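The chain contents come next:
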Amino acid sequence: MERKKVAFYTLGCKLNFSETSTIARSFQDEGFDRVEFEDVADIYVINTCSVTENADKQFKQVVKKAMKLNDKAFVAAVGCYAQLKPEELASVDGVDLVLGATEKFKITDYINDLSKNDMGEVHSCEIHEADFYVGSYSIGDRTRAFLKVQDGCDYKCTYCTIPLARGISRSDTMENVLQNAKEISQKGIKEIVLTGVNIGDYGKGEFGNKRHEHTFFELVQNLDKVEGIERLRISSIEPNLLKNETIDFVSKSRTFVPHFHIPLQSGSNDILKKMKRRYLRELYFDRVSKIREVMPHACIGVDVIVGFPGETDEHFLDTYNFLNGLDISYLHVFTYSERDNTEAADFEGVVPANVRAKRSKMLRGLSVKKRRAFYEGQIGTTRTVLFEDENREGYIHGFTENYVKVKAPWNPEFANTLQEVILTKIDDDGLVRMEFANVLV
């Protein structure tokens, strides 16, 4: 009998990529063949995101794409949006199955005869039932692996749906994380990115019990000892949970790279308080200063939200000027969008859409300037690049340890290898050209 084919599409964050990869392996264990999403498949699984309004719209486009490829295919929706609005997803034309936060990892149990349904079937728990931890990591999808170490969040930020979509904060066991890291390194993957919803909160038990078994700092220390790992990268981490001891350790680490992504969300203390963030901008400034003190060449990325309810022109200029004066490397700019069942959805002082768009454009322009200045500061330095395995119009791309994106003429021998290079100039497309210093084995 011919083996069934399954394809996957991931919307959203690195955590979703790690979970998609784990779900894909469960299909392969059940005898399915994984194919690309652009191929004809019997099942299409879409891992959804709820962070931005755009992600909701993208979902419908992805379903349409699947239906064009095979209008008889079985379409399953999983992930955050599937947990928050299961009925809404189930009503999208072509969707057959919707699985919430706890059910998605058991997806093969829910797929029976693959026949199309008139209306999507929903299996979604109450979010307080999402109180156990499922470990995951991504391999085979890209040059680096995303290793999930934590899930859920106990913070109550007034704009955020993630606690509603993913439940309480809970962590993988130290033993399990180290075992997964070993497995990844044995597959020849050179870089692991640690991911989760709130990874600095690592250590709460796998059932969300509040007593921390371990700290994030202990996790970092233990991972640094795993043999075979060339590079470890910390994904987004809250400023109040990024401790000086971790920054100091990374600066001297064998494997952790000098790259931090730290959400700020606003440079105005008034707005930070309305958002119920757990720090003020003074603490954020201290964290950036500490990183610069011990790692002057580090890359520092920042998340920021514009157009939050009550954000006046003065508040926005506070944010702009704070970021302009801060020694950071790039921004991820999010335009605030109202989300159901969040506190901020009922706040007064709604910022008009055209004002949100203008502020977003200003900060994106600032990000371009910041990245350019950071790249210019790296010209002439010797760095190590991990090259990716894709031929992009005759070029191979890669990232230095401190997250400078470089390009070189395509050579398949460099794919998934670490090479020592000297950064020479910024090209017209904003990427950095380099010369090889020598070839690292």
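Structure: above.
The structure presented is a predicted model; accordingly, all values stated were derived computationally and were not measured.

Visitor: Would you mind going over the overall build of the chain with me for this structure?
Guide: Helix and strand content of the chain: 13 helices and 19 strands. Computed over its C-alpha atoms, the radius of gyration of the chain comes to 22 Å, within 12% of the 22 Å expected for a compact globule of 441 residues. Principal-axis analysis of the C-alpha atoms gives the chain an extent of 60 × 55 × 45 Å. Counting across all 441 residues of the chain, residues that qualify as buried make up 54%. Looking at the chain alone, contacts between residues at least 24 apart form 72% of all its contacts between residues at least 6 apart. A total accessible area of about 19,600 Å² is found for the chain, and carbon and sulfur atoms account for 48% of it. Separation between the mean location of the 59 positive side-chain charges and that of the 68 negative ones in the chain comes to 4 Å.

Visitor: Sorry if this is basic, but what is going on with the packing of helix α8 (residues 216-223) against helix α9 (residues 244-252) here?
Guide: Two packed helices can be described by the angle between their axes and the distance between those axes. Two numbers describe how α8 lies on α9: the axes approach to 9 Å, and their chain directions differ by 15°. Regarding the angle of α8 to α9, the classification is roughly parallel. Seen from above, α8 lies across α9 with left-handed handedness. Touching Phe216, Phe217, Val220 and Gln221 of α8 are Glu245, Thr246 and Phe249, all from α9. Grouping the constituent residues of the contact of α8 with α9 by class yields four nonpolar, two polar and one charged.

Visitor: Just checking my understanding: could you explain α9 for this structure?
Guide: Note: α-helices contain 3.6 residues per turn, so residues at a spacing of three or four share the same orientation. Where α9 is concerned, the buried positions are Thr246, Ile247 and Val250. Each buried residue of α9 lies within a common arc of 100° when the element is viewed along its axis, so the set occupies one face. For α9, the elements touching its buried residues are α8, β11 (231-234), β12 (259-265) and α11 (281-294).

Visitor: Would you mind showing me how to read the sheet that holds strand β10 (residues 191-195) here?
Guide: Within a sheet, adjacent strands bond to each other through the backbone by hydrogen bonds, running parallel or antiparallel. With parallel pairing, the three strands of this open sheet are ordered in space as β7-β10-β11. At either end of the open sheet lies a strand with only one pairing partner, and these are β7 (144-148) and β11. Recorded for the sheet is a direction-independent mean angle of 25° between the axes of neighbouring strands. Sheet strands touched by helix α7 (residues 174-186): β7 and β10. Its angle to β7, the strand with the most contacts, is close to 165°.

Visitor: Where do I start with unusual backbone geometry in this structure?
Guide: Glycine aside, residues mostly have negative phi, and peptide bonds are mostly found in the trans state. Positive phi, close to 65°, is recorded for Asn341, a residue that is not glycine. Checked against the element boundaries, Asn341 lands in the loop between β14 (330-335) and α13 (353-378). Non-glycine residue Glu393 carries a positive phi angle of around 50°. You can call Glu393 exposed: its relative accessible area is 80%.

Visitor: How should I be thinking about the nonpolar core in this particular structure?
Guide: Soluble globular proteins tend to pack their nonpolar side chains together in the buried interior. Residues Leu194, Leu223, Leu323 and Leu363 are the most contacted members of the largest nonpolar core, which totals 51 residues. Core analysis: the next-biggest nonpolar cluster, separate from the first, contains 23 residues, Tyr44, Phe59, Ala73 and Val95 among them.

Visitor: Quick question: what am I supposed to make of α13 here?
Guide: Its 26 residues place the ends of α13 38 Å apart at the C-alpha level, agreeing with the 38 Å of an ideal helix rising 1.5 Å per residue. Among all positions in α13, only Arg356, Arg359, Ser360, Leu363, Leu366, Ser367, Lys370, Phe374, Tyr375 and Gln378 are buried. Phi turns positive, to about 95°, at Gly380, one or two residues after α13.

Visitor: Is there a simple way to explain the packing of aromatic side chains in this structure?
Guide: Centre distance and the angle of the planes are the two values used to describe a pair of aromatic rings. Tallied over the entire structure, the rule returns 17 aromatic pairs. A ring pair is formed by Tyr9 and Phe37, whose centres lie 5.1 Å apart and whose planes are at 70°; its orientation type is edge-to-face. With Tyr9 in strand β1 (residues 5-10) and Phe37 in the loop between β2 (33-35) and β3 (43-48), this residue pair connects regions lying 28 residues apart in the sequence. Judged by its relative accessible area of 3%, Phe37 falls in the buried class. For the ring pair Phe37 and Tyr44, a centre distance of 5.1 Å and an interplane angle of 65° mean the geometry is edge-to-face. Residue classification places Tyr44 among the buried residues on the basis of a relative accessible area of 0%. Through successive ring pairs, a cluster of aromatic residues spans Tyr159, Phe308, Tyr336 and Phe347.

Visitor: How should I be thinking about the sheet that holds β3 in this particular structure?
Guide: Taken in spatial order, the six strands of this open sheet run β2-β1-β3-β4-β5-β6, and their pairing is parallel. Two strands close off the open sheet at either side, each with one partner strand: β2 and β6 (121-123). For this sheet, the mean inter-axis angle between neighbouring strands, taken without regard to orientation, is 25°. Two strands pair when backbone bridges link them, and β1 and β2 are joined in this way by three bridges, in the parallel orientation. Across the sheet, Ala7 pairs through a bridge with Val35, a residue of β2. Each of β1, β2, β3 and β4 (74-79) is contacted by helix α1 (residues 14-29), which is oriented at about 175° to β1, the strand it contacts most.

Parameters and conventions
- Residues numbered from 1 in each chain as written.
- Predicted model: local features only at pLDDT ≥ 70, side-chain atom pairs only at ≥ 80, totals over all residues.
- Heavy atoms only, no water.
- Helix = DSSP H or I, 4+ residues; strand = E, 2+ residues; numbered from the N terminus.
- Rg over C-alpha atoms; globule rule 2.2 N^0.38 Å.
- Buried < 20%, exposed > 50% of the residue type's maximum accessible area, 1.4 Å probe, protein only.
- Contact = heavy atoms within 4.5 Å.
- Areas by Shrake-Rupley, 256 points an atom, 1.4 Å probe, with all protein chains shown as cover.
- Lys, Arg positive; Asp, Glu negative; His and termini not counted.
- Charge placed at Lys NZ, Arg CZ, Asp CG, Glu CD.
- Axes fitted to C-alpha atoms, helices over the stretch in contact; angles between N-to-C directions.
- Parallel < 35°, antiparallel > 145°, perpendicular 65-115°, else oblique.
- Left-handed = near helix turned anticlockwise from the far one by under 90°.
- Nonpolar A, V, L, I, M, F, W, Y, C, P; charged D, E, K, R; others polar.
- Arc of directions from axis to C-beta.
- Pairing = 2+ DSSP bridges.
- Core = buried A, V, L, I, M, F, W, Y, C linked by side-chain atoms within 4.5 Å.
- Expected span 1.5 Å × (residues − 1).
- Phe/Tyr/Trp six-rings, centres within 6.5 Å; stacked < 30°, edge-to-face > 60°.

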